[in-house]
Amino acid sequence: MKTQVAIIGAGPSGLLLGQLLLRLGIPNVILEAKSAAHVLGRIRAGVLEQGTADLLREAGAGERMDREGHVHEGITLAFDGRQQRIDLKRLSGGKSMLVYGQTEVTRDLMAQREAAGGMTIYEAQDVQPRGFLGDRPRIDFMREGEHFTLECVYIAGCDGFHGVCRQSVPAAALRCFERVYPFGWLGILSRTPPASPELIYANHERGFALCSMRSDMLSRYYVQCTLEDKVADWSDERFWEELKRRLPPAVATTLVTGPSIEKSIAPLRSFVAEPMKFGRLFLAGDAAHIVPPTGAKGLNLAASDVRTLYQVLKIRYGQGREDVLDRYSDTCLRRIWKAERFSWWMTSLLHRLDDDPFSRRIQLADLDYYTGSVAGRTTIAENYVGLPYEEIT
Ligand code: APR
Ligand code: PHB
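Our subject in this report is the structure included herewith. Residue numbering note: each chain is counted from 1, following its sequence as written. Numbering of ligands from 1 and lettering of chains from A proceed in the order in which they are written. Side-chain atom pairs in this predicted model are given and counted only at pLDDT of 80 or more, local residue features only at pLDDT of at least 70, and totals for whole chains, interfaces and linings cover all residues. For side-chain calculations, the full set of non-hydrogen atoms in the structure is used, while hydrogens and water are omitted.

### Overview of the packing of aromatic side chains
Put simply, the test is: Side-chain rings of Phe, Tyr and Trp, where Trp is taken by its six-membered ring, are said to pair if the distance between their centres is within 6.5 Å; with planes under 30 degrees apart they count as stacked, over 60 as edge-to-face, and otherwise as tilted. Numbering goes from the N terminus for both helices and strands, where a helix is a DSSP run of H or I of at least four residues and a strand is a run of E of at least two. When accessible area is computed with a 1.4 Å probe and restricted to protein chains, residues below 20% of their type maximum are described as buried, those above 50% as exposed, and intermediate ones as partly exposed. Placement of a positive charge over a ring is assigned whenever Lys NZ or Arg CZ falls within 6 Å of the ring centre and within 35 degrees of the normal to the ring plane.
By the definition in use, this model includes 16 aromatic pairs. Consider the rings of Phe161 and Phe271, whose centres lie 5.1 Å apart with planes at 80°: the pair is edge-to-face. Of this pair, Phe161 sits in the loop between β12 (154–157) and α7 (165–168) while Phe271 sits in strand β17 (residues 260–274), and the two are 110 residues apart along the sequence. You can call Phe271 buried: its relative accessible area is 5%. Pairing Tyr369 with Tyr370 gives two aromatic rings, centres 5.3 Å apart and planes at 85°, and the pair type is edge-to-face. Each residue in the set Trp185, Tyr201, Phe208, Tyr222 and Tyr384 is aromatic and connected to the rest through ring pairs, giving one cluster. The residue whose ring lies beneath Lys297 is Tyr384, and the NZ or CZ to ring-centre distance is 5.4 Å. We note Arg316 situated over the ring of Tyr317; from NZ or CZ to the ring centre the distance is 5.2 Å.

### Describing the side chain of His72
Worth spelling out the cut-off: Two residues form a contact once any of their heavy atoms are found within 4.5 Å.
Summarising the element assignment, His72 is placed in strand β4 (residues 70–72). Relative accessible area serves as the criterion here: at 7%, His72 is assigned to the buried category. Beyond its immediate sequence surroundings of up to four residues, His72 is in contact with Leu88, Ser96, Met97, Val99, Pro197, Glu198, Leu199 and Met213.

### A short note on helix α12 (residues 357–371)
Convention followed: Given a helix with a known number of residues, its expected span is that number minus one, times 1.5 Å. Within this analysis, the arc is defined by the directions that extend from the helix axis to the C-beta atoms. Pairing of N or O atoms within 3.5 Å defines a polar contact, subject to two protein rules: one partner must be a possible hydrogen donor and the other a possible acceptor, and residues neighboring in sequence count only if both atoms are side-chain atoms.
Under the 1.5 Å per step criterion, the end-to-end length of α12 is 21 Å for 15 residues, consistent within 8% with the ideal 21 Å. Buried residues of α12: Ser359, Arg360, Gln363, Leu364, Leu367 and Thr371, and no others. In a view along the axis of α12, the buried residues occupy a sector of 130°, so they form one face of it. In α12, the exposed positions angled more than 90 degrees off the buried face are occupied by Phe358, Arg361 and Tyr369. The N-terminus of α12 is capped by Asp356, whose side-chain oxygen sits 2.9 Å from the backbone nitrogen of Phe358.

### Remarks on the sheet that holds strand β3 (residues 47–49)
Strand pairs in the sheet, formed through backbone hydrogen bonds, run parallel or antiparallel to each other. Rules: Paired strands are those between which DSSP finds at least two bridges. A fitted line through C-alpha atoms serves as each axis, taken over the contacting stretch for helices, and the angle formed by two N-to-C directions is quoted from 0 to 180°.
Ordered by their spatial adjacency, 3 strands build an open sheet running β3-β7-β4, and the pairing between neighbours is antiparallel. In this open sheet, the two edge strands, each paired with only one partner strand, are β3 and β4. Neighbour-to-neighbour, the strand axes of the sheet open up by a mean angle of 35°, direction not taken into account. Note that β4 and strand β7 (residues 97–99) share 3 bridges and pair antiparallel.

### Let's talk about the site of ligand 1
Our working rule: Nearness of a residue to a molecule or strand requires only that one of the residue's heavy atoms be within 4 Å of it. Computed with the Shrake-Rupley method and a 1.4 Å probe, the accessible areas treat only the protein chains shown as cover for residues.
Residues in close proximity to ligand 1 total 24 residues, the closest being Ser13, Glu32, Arg42, Arg44 and Asp286. The side chain of Asp286 places a nitrogen or oxygen atom 2.6 Å from an oxygen atom of ligand 1. One nitrogen or oxygen atom from the main chain of Leu299 is found 3.0 Å from an oxygen atom belonging to ligand 1. Here ligand 1 loses 86% of its free accessible area of 700 Å² to cover by the protein chains. Sorting the residues of the shell around ligand 1 by element identifies α1 (12–24) and α10 (298–319) as the ones contributing at least two each.

### Digging into the site of ligand 2
Going by this rule: Residues were grouped as follows: Ala, Val, Leu, Ile, Met, Phe, Trp, Tyr, Cys and Pro as nonpolar; Asp, Glu, Lys and Arg as charged; and all remaining residues, including Gly, as polar.
Not every one of the 13 residues close to ligand 2 is listed here, only the nearest: Tyr201, Ser212, Arg214, Tyr222 and Pro293. Contacts to ligand 2 include Ser212, whose side-chain N or O atom sits 2.6 Å from an oxygen atom. A distance of 2.6 Å separates an oxygen atom of ligand 2 from a polar atom in the side chain of Tyr222. Starting from 280 Å² of accessible surface for ligand 2 in isolation, the protein chains cover 99%. Elements supplying a minimum of two residues to the shell around ligand 2: β14 (199–202), β15 (209–215) and β16 (218–225). When residues of the shell around ligand 2 are assigned to their parent elements, the largest contribution, 3 residues, is made by β15. By residue class, the composition of the shell around ligand 2 is 9 nonpolar, 2 polar and 2 charged.

### Quick notes on the environment of Arg67
Counting through the fold element by element, Arg67 comes out in helix α4 (residues 63–68). Taking relative accessible area as the criterion, Arg67 reaches 56% and is therefore assigned exposed. Note: C-alpha distance between Arg67 and Leu218 (151 residues apart in sequence) is 16 Å.

### Re the packing of α10 against helix α11 (residues 328–350)
Here is the rule we go by: Any angle that falls under 35 degrees is termed roughly parallel, while one over 145 is termed roughly antiparallel, one within 65 to 115 roughly perpendicular, and all others oblique. Two helices crossing with the near one rotated counterclockwise from the far one by less than a right angle form a left-handed crossing, whereas a clockwise rotation gives a right-handed crossing.
Contact pair α10 / α11: the axes reach a minimum separation of 10 Å and the direction vectors enclose 160°. Classified by the angle their axes make, α10 and α11 are roughly antiparallel. Judged by the sense of rotation from one axis to the other, the crossing of α10 with α11 is right-handed. Taking contact as the criterion, the partners of Asn300, Leu301, Ser304, Asp305, Thr308, Leu309 and Val312 in α10 are, on α11, Tyr328, Thr331, Cys332, Arg335, Ile336 and Ala339. In terms of residue class, the contact of α10 with α11 is made up of 7 nonpolar, 4 polar and 2 charged.

### Describing the nonpolar core
The condition that has to hold: Here, the term nonpolar core denotes a set of buried Ala, Val, Leu, Ile, Met, Phe, Trp, Tyr and Cys residues that are joined through side-chain atoms within 4.5 Å.
Core analysis: the biggest nonpolar cluster contains 69 residues, and Leu16, Leu17, Leu31, Leu48, Ile139, Leu281 and Tyr328 have the highest contact counts within it. Here the element with the most residues in this core is α10; it accounts for 9 residues. Counting residues in each nonpolar core, the second largest holds 31 residues, with Leu88, Tyr201, Phe208 and Leu350 among its members.

Given below as structure tokens:
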């Protein structure tokens, strides 16, 4: 088998890249370890930056998103008995967010790929990228007990945090930066109307809470939990009770509760691998970096890597220039580190970090300071809606 760009991973990064490249006429094949149904079964965040939404439109996957997604022009920070709205649109010069689930983004990209005749090999086992430090990269893999080799010109490692691509790079060529937080998020999805028309991020002395949503009748809520907590420890009743205790009373009293249709615990981590290009292998999305979900940046950062890789490959194939390939990593990392900083800061600002009353006072002062001035609110807004992209020419 032969192609131009072999993409490992059919998450949002791999599917989006594949679709953008197909539209340019650049052949690509996606290899995915799991089944399509398994990929679609994962519930993840659902807040898209305007730049992410624009890229999905460019990939031809924006139609249902524009029909069913909800534009959000603000978020609320709740703390110390107060609710402070951050007017994202006004403070960012007109930008907003689109609430549309990552699962739906993935579904739309899969449908587009199928319609365009793009090849995706699901349930590929023992996927091994090889030869990418030389000029004849290839991928070995197994499918239904048979061995295959996919020859290619470039490899895009879009295989997530636990994928094989980053692990295939010689250890000496890679530098990793990591912070693991001493708490997790317990999330539930319920067929209930959202607690509020906009997202509420709540700092409470019992721990963080978040009210989010997928649609008018589908809500997503999170509470900070310990790393020892198990889903089985949290009945729906316990979850709703804890959530209500952490929300502003006015929101808690009108909150509509119901049975959970999904419940899961996720640890929080910040992680960056540098660089993101190794010969002919490019890492993109969660394969290269992780952010804690507090700033809603995970999917959006993945999309901005894909945007940069798309631009670079467009120039490479359109103009024959190879020099541009070396700009991929630094261009991505400049934006990634700023999003890492914002996600880490939002996490530190809103969670119960320890039992030290000093930490809590500093947090409340930080919240009061940032939300108390236009400059502070602007800083939050411009990071939340997504910092500008660097164009590659
Ligand atoms: N071979 C083939 N596929 C693999 C392998 C492998 N060895 N390892 C992992 N994969 C697949 C996974 O099954 C998954 O479908 O790669 C895909 C990676 O997808 P994601 O983890 O969703 O990563 P990405 O596409 O970069 O999306 C980033 O997803 O995890 C969230 O917070 C993150 O929202 C962000 C977005
Ligand atoms: C979500 O809706 O799942 C969500 C929203 C905002 C976040 C994180 C998760 O910051």
